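Observations on the three-dimensional arrangement
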Amino acid sequence: MFVVTLSYTAPIEQVDALIGEHRAWLDTQYAAGVLLASGAKVPRTGGIVLAGGLDRAALDALLADDPFSKGGVARYDVVEFTATKTAPCLADYGEPHAS
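These remarks concern the structure in this document. (Residues numbered from 1 in each chain as written. Predicted model: local features only at pLDDT ≥ 70, side-chain atom pairs only at ≥ 80, totals over all residues. Heavy atoms only, no water.)

Glancing now at the overall build of the protein chain. When helices and strands are counted, the protein chain shows 3 helices and 4 strands. Its C-alpha radius of gyration of 14 Å places the protein chain within 12% of the 13 Å reference for a compact globule of 99 residues. For the protein chain, the spread of C-alpha atoms along the three principal axes comes to 45 × 25 × 20 Å. A fraction of 66% describes how many contacts in the protein chain between residues 6 or more apart in sequence connect residues 24 or more apart. As displayed, the protein chain has an accessible area near 5,900 Å², and 56% of this comes from carbon and sulfur atoms. Of the side chains in the protein chain, 7 bear a positive and 12 a negative charge, and the two mean positions are spaced by 6 Å. (Helix = DSSP H or I, 4+ residues; strand = E, 2+ residues; numbered from the N terminus. Rg over C-alpha atoms; globule rule 2.2 N^0.38 Å. Contact = heavy atoms within 4.5 Å. Areas by Shrake-Rupley, 256 points an atom, 1.4 Å probe, with all protein chains shown as cover. Lys, Arg positive; Asp, Glu negative; His and termini not counted. Charge placed at Lys NZ, Arg CZ, Asp CG, Glu CD.)

See below:
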């Protein structure tokens, strides 16, 4: 599982110009089952994304496709962790299961 923090690197007006495309990208990732939660930081200096069900290389490729990344308005910091406990709704994203 991953915690991704986005930090805006451009004026908020440039971020807002891409927000519609970014939200459509988010919707696609939710539909694919990759994203678990997302939202803006408070104060609005970037955002947070929780992702799972993919490896780091796939996540990096996914983030590179985000309109915020393509538009050069955000920097991404990724923390990978193994969830040893989760709420029931996140059970599929916990410790890897033996095949």
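With the exception of glycine, most residues fall at negative phi, and the peptide bonds are largely trans. Cis geometry is found at the peptide bond from Val42 to Pro43, where omega equals 0 degrees. Tracing the sequence through the fold places Pro43 in the loop between strand 2 (35–40) and strand 3 (46–51).

This part is about helix 1 (residues 12–31). Quick reminder: α-helices carry 3.6 residues per turn. Residues three or four places apart thus point the same way. With 20 residues, helix 1 extends 27 Å between its outermost C-alpha atoms, agreeing within 8% with the 28 Å of an ideal straight helix rising 1.5 Å per residue. At Ile19, helix 1 is bent by approximately 50 degrees, the largest bend along its length. Every buried residue of helix 1 is listed here: Val15, Leu18, Ile19, His22, Trp25, Leu26 and Gln29. Considering only its buried residues, helix 1 is in contact with strand 1 (2–8), strand 2, helix 2 (56–64) and helix 3 (67–70). Just past helix 1, the residue Gly33 takes up positive phi, approximately 80 degrees. (Expected span 1.5 Å × (residues − 1). Bend = angle between axes of the 7 residues up to and from the residue. Buried < 20%, exposed > 50% of the residue type's maximum accessible area, 1.4 Å probe, protein only.)

On to the pairing of strand 2. Relative to strand 3, strand 2 is paired through 5 bridges, and the arrangement is antiparallel. From the neighbouring strand, Gly39 faces strand 3, where its bridge partner is Ile48. Between strand 2 and strand 3, which pair antiparallel in sequence order, lie 5 residues. (Pairing = 2+ DSSP bridges.)

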